[in-house]
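As a plain string of letters, each chain reads:
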Amino acid sequence: MTTILVTGGTGTLGRLVSERLRADGHEVRVLSRHAQPYAVDLRAGGSGLDVALGGVDTVVHCATSPRGGDEQAATNLIAAARRAGVGHLVYISIVGVDRVPLGYYRSKLAVERLVEESGLGWTVLRATQFHDLVVQVLQALAKAPVVLLPAGVSDQPVEVAEVAERLAELAGGAPAGRVADLGGPEVRTFESLARAYLGATGRRRTVVKVPLAGKAYQGFRRGGHLTPERAVGKGTFEEYLTERFGAGTDGRRG
């Protein structure tokens, strides 16, 4: 049994990682801004971070914020992990952070570099977007009577529990460097995902595809965030919709 600290351990992914690690017999510490006894803001660091890392063998770094601060958080975490003699740092990143020039992706890529250069044993796993995130986006878009979608964009959503299982497996092993990406089972047009969501939630909306401008959009349109050769996930978007909303539909038309 090893002692493993999970940052962002109360979040969508971190909570499942923590549960899986405990089921595997590890002692798990959950670190987040509000979870006692290890309530720490990684962006601020401080003595609480050193206390949380005392005696820890492995860190699984799931904490992240699209609003910024990931690089400072990683810098503080790595410094404290060195002081504590942590042997293994596992980081979850996103497929395409080196191909899509989106601000949040650039930050994730920068954290990858910090992990690689940390002097610690490290493992980095990139995954495609979670089903949960796709639904969050579609929920926001479907508030209007017309759902405006970026034209020509596809996605490859993956079940978050499968990513958690893979992270727990990696955390229980030796440092492995950059491991193979984890992608969802299908590359789908965003329109087909939207129609599946609308059908599952009983919403009637007009769907309109809109071409956008900018390098980030072009990166998504080229599929820089996809990994069709690593479509190893099992859970489909329709299965997720059925479990979450109690209904499903085949949204592949269009």
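Here's what I pulled together on the structure shown here. (Residues numbered from 1 in each chain as written. Predicted model: local features only at pLDDT ≥ 70, side-chain atom pairs only at ≥ 80, totals over all residues. Heavy atoms only, no water.)

1. Structural notes on the overall build of the protein
Then, in step 1: Assigned secondary structure in the protein consists of 9 helices and 10 strands.
Then, in step 2: Taking 18 Å as the expected radius of gyration for a compact globule of 254 residues, we find that the protein reaches 19 Å, a close match to that expectation.
Then, in step 3: For the protein, the spread of C-alpha atoms along the principal axes amounts to about 55 × 40 × 35 Å.
Then, in step 4: When each of the 254 residues of the protein is scored for burial, the buried share is 51%. (Helix = DSSP H or I, 4+ residues; strand = E, 2+ residues; numbered from the N terminus. Rg over C-alpha atoms; globule rule 2.2 N^0.38 Å. Buried < 20%, exposed > 50% of the residue type's maximum accessible area, 1.4 Å probe, protein only.)

2. Some remarks on the environment of Gly8
Then, in step 1: Tracing the backbone through its elements, the reader meets Gly8 in the loop between strand E1 (3–7) and helix H1 (12–23).
Then, in step 2: On the basis of relative accessibility, which here comes to 17%, the residue Gly8 falls in the buried class.
Then, in step 3: Sequence separation between Gly8 and Thr64 is 56 residues; the distance between their C-alpha atoms is 7.3 Å.
Then, in step 4: When neighbours within four sequence positions are excluded, Gly8 is seen to be in contact with Gly14, Arg15, Leu31 and Ala63. (Contact = heavy atoms within 4.5 Å.)

3. Some thoughts on the sheet that holds strand E2 (residues 27–31)
Then, in step 1: The parallel open sheet is built from 6 strands, whose spatial order is E2-E1-E3-E4-E5-E8. A strand with exactly one partner marks an edge of an open sheet, and here the two such strands are E2 and strand E8 (177–178).
Then, in step 2: The pairing of strand E3 (residues 58–61) with strand E4 (residues 88–94) spans 4 bridges and is parallel. The residue of E4 that forms the bridge with Thr58 is His88.
Then, in step 3: The strands that helix H4 (residues 103–116) touches are E4 and strand E5 (121–127); relative to E4, the one it contacts most, it runs at about 160 degrees. (Pairing = 2+ DSSP bridges. Axes fitted to C-alpha atoms, helices over the stretch in contact; angles between N-to-C directions.)

4. Brief notes about the pairing of E3
Then, in step 1: Of the two faces of E3, the one carrying Thr58 and Val60 and the one carrying Val59 and His61 are both buried.
Then, in step 2: Direction of pairing for E1 relative to E3: parallel, over a ladder of 4 bridges. Bridge pairing in E3 links Thr7 to His61.
Then, in step 3: Crossover connection from E3 via helix H3 (residues 70–84) to parallel E4: handedness right-handed. (Right-handed = clockwise from strand over helix to strand, strands pointing away.)

5. Let's talk about the environment of Trp122
Then, in step 1: You can see Trp122 is positioned in strand E5.
Then, in step 2: For the pair formed by Trp122 and Tyr104, sequence separation is 18 residues and the distance between their alpha carbons is 22 Å.
Then, in step 3: Dropping the residues within four chain positions of it, Trp122 is found in contact with His88, Leu89, Val115, Glu116, Pro175, Ala176, Gly177 and Arg178.

6. Observations regarding the pattern of salt bridges
Then, in step 1: A complete count under the given rule lists 15 salt bridges for this structure.
Then, in step 2: Arg113 is the salt-bridge partner of Glu116, the closest N and O atoms lying 3.5 Å from each other. Placement of the pair is Glu116 and Arg113 together in helix H4, with a separation of 3 residues, close to one helical turn.
Then, in step 3: For Glu116, a relative accessible area of 29% gives the class partly exposed. (Salt bridge = Lys/Arg side-chain N within 4 Å of Asp/Glu carboxyl O.)

7. Re the packing of helix H5 (residues 131–141) against helix H9 (residues 237–245)
Then, in step 1: Taken N-terminus to C-terminus, the directions of H5 and H9 make an angle of 70 degrees; their axes are 10 Å apart at the nearest point. Considering their axes alone, H5 and H9 lie roughly perpendicular with respect to each other. For the pair formed by H5 and H9, the contact residues are His131, Asp132, Val134, Val135, Leu138 and Gln139 on the first element and Phe237, Tyr240, Leu241, Arg244 and Phe245 on the second.
Then, in step 2: Grouping the amino acids of the contact of H5 with H9 by side-chain chemistry returns 7 nonpolar, 2 polar and 2 charged. (Parallel < 35°, antiparallel > 145°, perpendicular 65-115°, else oblique. Nonpolar A, V, L, I, M, F, W, Y, C, P; charged D, E, K, R; others polar.)

8. So, the packing of helix H7 (residues 190–201) against H9
Then, in step 1: With their axes 10 Å apart at the nearest point, H7 and H9 run at an angle of 25 degrees to one another. What the angle tells us is that H7 and H9 run roughly parallel. The handedness of the crossing between H7 and H9 is right-handed. Taken together, the residues of H9 that come into contact with H7 (itself represented by Leu193, Ala196, Tyr197, Ala200 and Thr201) are Phe237, Glu238, Leu241 and Phe245.
Then, in step 2: Split into classes, the residues belonging to the contact of H7 with H9 amount to 7 nonpolar, 1 polar and 1 charged. (Left-handed = near helix turned anticlockwise from the far one by under 90°.)

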